[in-house]
Each structure stands twice: as structure tokens, then as C-alpha cells.
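# Structural description and commentary
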Amino acid sequence: MPQRRVRPSAKNLRKSVWRRSAAVPPPPAAADSPPDPAGPASGAPAEVASVVQAVLYRDGVRVLAPATLADTFRELRKHPEGMAWIGLARPTEAELHALAAEFDLHPLAVEDAKEAHQRPKLERYGDTLFVVLRAARYLDAPEEIDFGELHVFVGPDFVITVRHGAAPDLSAVRRRMEDSPELLKLGPEAVLYAILDAVVDGYLPVVSGVQNDIDEIETEVFRGDPDASRRIYELSREMVEFQRATRPLVGMLHGLMAGFSKYGTDEELQRYLRDVADHVTHTSERVDGFRQALSEILTVNATLVTQQQNAEMRALAEAGFEQNEEIKKISSWAAILFAPTLVGTIYGMNFDDMPELGWHFGYPFAIGLMGVVCVSLYVIFKRRDWL
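This write-up is about the structure you can find in this document. (Residues numbered from 1 in each chain as written. Predicted model: local features only at pLDDT ≥ 70, side-chain atom pairs only at ≥ 80, totals over all residues. Heavy atoms only, no water.)

## Quick look at the overall build of the protein
Put simply, the test is: Numbering of helices and strands runs from the N terminus, with a helix taken as a DSSP run of H or I at least four residues long and a strand as a DSSP run of E at least two residues long. Relative accessibility thresholds used throughout: buried, under 20% of the residue-type maximum; exposed, over 50%; partly exposed, between the two (1.4 Å probe, protein chains only). Residue burial considers only the protein chains on display, and all accessible areas are found by Shrake-Rupley using a 1.4 Å probe.
Helix and strand counts for the protein come out as 13 helices and 7 strands. Classification of the 387 residues of the protein by burial places 41% in the buried group. When the accessible surface of the protein is split by element, carbon and sulfur atoms take 56% of a total near 20,700 Å².

## Thoughts on the sheet that holds strand E3 (residues 83-89)
What counts is decided by this rule: Strand pairing follows a simple DSSP-based rule, namely that at least 2 bridges must link the two strands. As a rule, the C-alpha atoms of each element are fitted with a line to give its axis, helices using only the stretch in contact, and angles between N-to-C directions run from 0 to 180 degrees.
In spatial order, the strands read E2-E1-E3-E7-E6-E5-E4; together these 7 strands make up an open sheet with mixed pairing. The outermost strands of the open sheet, each flanked by one partner alone, are strand E2 (61-64) and strand E4 (121-125). Across the sheet, the axes of successive neighbouring strands diverge by a mean angle of 25°, strand direction being ignored. Pairing of E4 with strand E5 (residues 128-139) involves 5 bridges; the strand directions are antiparallel. Within the sheet, the bridge partner assigned to leucine 122 lies in E5 and is valine 131.

## Focus: helix H5 (residues 93-103)
In an α-helix, one turn spans 3.6 residues; hence positions three or four apart end up facing the same way. A large share of H5 lies buried, amounting to 8 of its 11 residues. Restricting attention to buried positions, one finds in H5 the residues Glu95, Leu96, Ala98, Leu99, Ala100, Ala101, Glu102 and Phe103. Phi turns positive, to about 55°, at aspartate 104, one or two residues after H5.

## Quick word on the packing of helix H12 (residues 267-347) against helix H13 (residues 362-383)
Cut-off, in case you're wondering: For classification purposes, an angle smaller than 35 degrees is called roughly parallel, one larger than 145 roughly antiparallel, one from 65 to 115 roughly perpendicular, and anything else oblique. Here is the rule for handedness: rotate from the far helix to the near one, and if that takes an anticlockwise turn smaller than a right angle the crossing is left-handed, while a clockwise turn gives right-handed. We call two residues in contact when some of their heavy atoms are within 4.5 Å. When residue character is reported, Ala, Val, Leu, Ile, Met, Phe, Trp, Tyr, Cys and Pro are called nonpolar, Asp, Glu, Lys and Arg charged, and the others, Gly included, polar.
Taken N-terminus to C-terminus, the directions of H12 and H13 make an angle of 165°; their axes are 9 Å apart at the nearest point. Taken together, the axes of H12 and H13 lie roughly antiparallel to each other. Two packed elements cross with a definite hand, and for H12 against H13 that hand is right-handed. Mapping the contact onto sequence places Ser332, Trp333, Ala335, Ile336, Ala339, Pro340, Val343, Gly344 and Tyr347 in H12 and Phe365, Ala366, Leu369, Met370, Val373, Cys374, Leu377, Tyr378 and Phe381 in H13. Taken together, the residues that form the contact of H12 with H13 break down as 16 nonpolar, 2 polar and no charged.

## Examining empty space enclosed by the protein
What counts here: Here a cavity is any set of points on a 1 Å grid over the protein atoms alone where a 1.4 Å probe fits but cannot get out, and a pocket is any open set with protein on both sides within 12 Å along at least 5 of 7 lines; a residue lines the site when it has an atom within 4 Å of a point. Grid points are joined across faces, edges and corners, and a volume is the space filled by probe spheres set on the points.
Summed over all chains, the structure comprises 1 cavity of 30 Å³ or more. The volume enclosed by the largest cavity comes to roughly 40 Å³. Along its surface, the largest cavity is lined by Leu56, Tyr57, Arg58, Val63, Leu76, His79, Gly82 and Met83. Among the elements that make up the lining of the largest cavity, the one with the highest residue count is strand E1 (residues 51-58) (3 residues). Residues of the lining of the largest cavity, tallied by class, amount to 5 nonpolar, 2 polar and 1 charged.

## Details of the side chain of threonine 283
With respect to the helices and strands, threonine 283 occurs in helix H12. Threonine 283 sits in the buried class, given a relative accessible area of 3%. Excluding anything up to four places from it in sequence, threonine 283 contacts Tyr203, Leu204, Val207, Phe242 and Thr246.

## A closer look at the pattern of salt bridges
Let me state the cut-off plainly: The term salt bridge refers to a pairing of a side-chain nitrogen on Lys or Arg with a carboxyl oxygen on Asp or Glu at a separation within 4 Å.
All chains considered together, the criterion is met by 19 salt bridges. Note that aspartate 225 and arginine 223 form a salt bridge whose closest N and O atoms lie 3.7 Å from each other. A cluster of three or more residues bridged by salt bridges with shared partners is formed by Asp213, Glu216, Glu220 and Arg231.

## Topic: the layout of surface pockets
Counted as a void, the second largest pocket has a volume near 160 Å³. As for the second largest pocket, its lining consists of 13 residues, and the residues nearest its centre are Val52, Gly87, Arg163, Leu170 and Ser171. When contributions to the lining of the second largest pocket are tallied by element, the ones reaching two or more residues are E1, E3, strand E7 (158-164) and helix H7 (170-178). Looking at the lining of the second largest pocket residue by residue, the classes come out as 6 nonpolar, 4 polar and 3 charged.

## As for a nonpolar patch on the surface
The cut-off we apply is this: For patch detection, residues must exceed 30% relative accessible area and be free of salt bridges, and they are connected within 9 Å for like charges or within 5 Å for nonpolar side chains (Val, Leu, Ile, Met, Phe, Trp, Tyr).
Together, Trp333, Val375, Tyr378 and Val379 make up an exposed nonpolar region whose accessible area comes to about 360 Å². Counting residues per element, the nonpolar patch draws most heavily on H13, which supplies 3 residues. For valine 379, the location among the structural elements is in helix H13. The partly exposed category is assigned to valine 379, whose relative accessible area is 34%.

## Section: helix H10 (residues 228-258)
So the rule is basically this: Every helix has an expected span of 1.5 Å times one less than the residues it contains. The angle between axes fitted to the seven residues ending at a residue and the seven residues starting there is what we call the bend at that residue.
For H10, which comprises 31 residues, the first-to-last C-alpha distance of 45 Å matches the rise-based estimate of 45 Å (1.5 Å per residue) to within 8%. Glutamine 243 marks where H10 bends most, by close to 25°.

## Description of the environment of serine 331
Structurally, serine 331 is set in helix H12. Look at serine 331 and you get partly exposed, because its relative accessible area is 35%. For the pair serine 331 and leucine 387, spaced 56 residues apart in sequence, the C-alpha to C-alpha distance is 9.7 Å.

## Focus: the nonpolar core
Convention followed: Residues belong to one nonpolar core when they are buried, are Ala, Val, Leu, Ile, Met, Phe, Trp, Tyr or Cys, and are joined through side-chain atoms within 4.5 Å.
Counting 57 residues, the largest nonpolar core has Leu133, Ile145, Met177, Ile195, Val210 and Phe242 as the members making the most contacts within it. When residues of this core are assigned to their parent elements, the largest contribution, 16 residues, is made by helix H9 (residues 188-223). Ignoring any residue separated from it by four or fewer positions in sequence, one finds leucine 133 in contact with Gly148, Glu149, Leu150, Ile195, Leu196, Val199, Leu249 and Met252. Ranked by size, the runner-up nonpolar core spans 24 residues in total, among them Val51, Ala98, Val132 and Val162.

## Some thoughts on the side chain of aspartate 197
Checked against the element boundaries, aspartate 197 lands in helix H9. Using a relative accessible area of 8% as the deciding quantity, one classes aspartate 197 as buried. What aspartate 197 contacts, discounting residues up to four positions off in sequence, is Arg176 and Val276.

And the structure:
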């Protein structure tokens, strides 16, 4: 945890080599000047658009809420014993550079906060912590998890939150802390705890929504719903992203807990952070269980689909076999009936030179020949189980 330091004076405040060498635009001076009615030419409108709220606290109590970053910097210099909590949403590059120059933020952390799309992590730059969090909320209709990215700078006397996305609701976190002055009095570390707690608590509705969807998918799988495979695949992808948001938090919080003694973290705050760590561990285990369950459901679904396909193929094979048997019978009777037809056709040609026409036994011979051929064919087909 960052250690709270006492500022020697406003004159020597936050002097660093990086601040002196960085090309920092002058938003403080612009904000100190009267606003330009034309609007875009002034630096103030951009700050108002991005700065959600900047508040100064002293002994856990709100004392001032400046309108711009420049006012916040000026008031914090006047009251070095206070703490600034600055919340920004998708800030401009000029605002980030102004914050970096004022609070000696490391350029790598500033670059991460500007670009976003970072994985959850915790970095320490001197006496400043840089924390990246992935908040989440579950959208039930499309069965999607909406992720928001939150970057938090925690210094000895300031907390800066840079939000990319709708979640989490930091206004609720601020209200909670202002309603608990004893907790807020513990300083920036307590604010970091409250933010972590809000992010982790936001995972619970997501876990509940995913659990309901998995229960529905199980029902669909055993009901033979053809859309079950698509739902399983899409929810599995969401679980991969959710796992990437929750799993790193376990290591981050254990890293914070490992530094309790080194950085003199308040004992009560230690208990709060351990509680958040327990919740994160539980959530991470649930997410791992969801991925395993979805994998098993997908395997079961594939097995059931294969069994259904095999049953359909077997039914088709049986139908083909029955059809083949019928064709055999029809073919056998056709052959049997063809024999007398052939004999009758030959003897019915009525040519004068046919030797059998004048024979006394010609007609009985033709009839007998037809009978012998028919019986012979019947016996042959019967032995071959065609009839």
C-alpha cells in the first residue's frame, strides 16, 4: 500500500525530472482563466466533459468539489493535508498529461490509461500504485457480458480513476465512502478497497445470470434443441473473457496483502481487503467451474447428437432393408410371371412352319412347360429367402 507523505510546501510540490522534461499542455492555466463563450477555444469544456467528479476530502469528510482539474490542483496545494479523489471517463490526452505532471504519474501507466484494452494488473511506480480492473455486467437478453475497464492511480494523497465503459458505478462507491467517514479517513488505500469491492460485487449478478443460462442449456440439451450447441459455444466464449477479468485479481490481491506489513496498512483495512480477496477467489472458482461445466455439457450434447444421428441412420437403414425385401419379392414374382408370358408369347406367334402347331400334345406341353418353369423359379427364390 502507498504510504501517506507530508508535503513540505506548495512551492516544492511534486517536482520530478519527468515532469520537467515532458511536453505538458497548459490546461491548468487555461482553466484558471475565465471561460470563453465561444466554447471550443477554451480548455474548460473538455475538462467538464471528461471529469466526472473531483472532490477534496479532509479527515474523511468532503470539503470541496472543484469544477475543473486546475481548480482541484490549486485547492490541493492549499490544503496539503487533504486527499483528492478525481474521477474521469474517457479523458483526453491533455487531461492525462496534466494529471501526470501534477501527481508524478509514470509515463508507462499514463500510456496504459490512455490506450485502455489492458488486462487486469497491479503495478507499483515509486509511491504510486497503478491498478487495472475489468468490471462486468450481464446482459440477459443477448446472453453477453458487458465489460468495462477501470484504471486507478493510488498515491499518498490522491486517487484518480479513469473509466472506459459503463461499469462500474463509481458514484455509488463515492456515496458509500462519504457515508463512512471513518473508513474514508484511512486515506487512498480505503478508496482502492471500496473500488475493488464494488468491482468484485458486480461479478455476483454475472455469476447468477450465467448459472441460470447453464441450467437452461442443460434442459435444452436433453430436450434435443438444435440451438443448444450455439448457446454453449457463445457462452463458453463469454466465460473465457470473464475468466481473464477475474483470475488475475486473485494474484493482485494476494500481492497487496503481502505488502501489508511493509507499507503499514491499517489493520481494519487489512480485514476488508482479505474479505475482497475471499470473494474474488470464490468468483474465480465459480468461473472455472462454469467453463468445466460448459465443456462437459458440450461433450454430452455432441454424444446425444451423435446418438440421434446414429438412430436416424439406423432407421434409414432399416427402412432401406425393408424396401429391399419388398423389391426382392416384387422382382421374384415378376420373374415367375414372366416365364409363362414368354412361353405363351412364343407359341402365340402363329407361324405356319412352327413344328408344334400340328402336334396333338402341343397345347398340354406348353402348359406343362409354363408350370415347370414357374415352380422351378418359385423354389429357387424361396430357398434364397426372396419370397
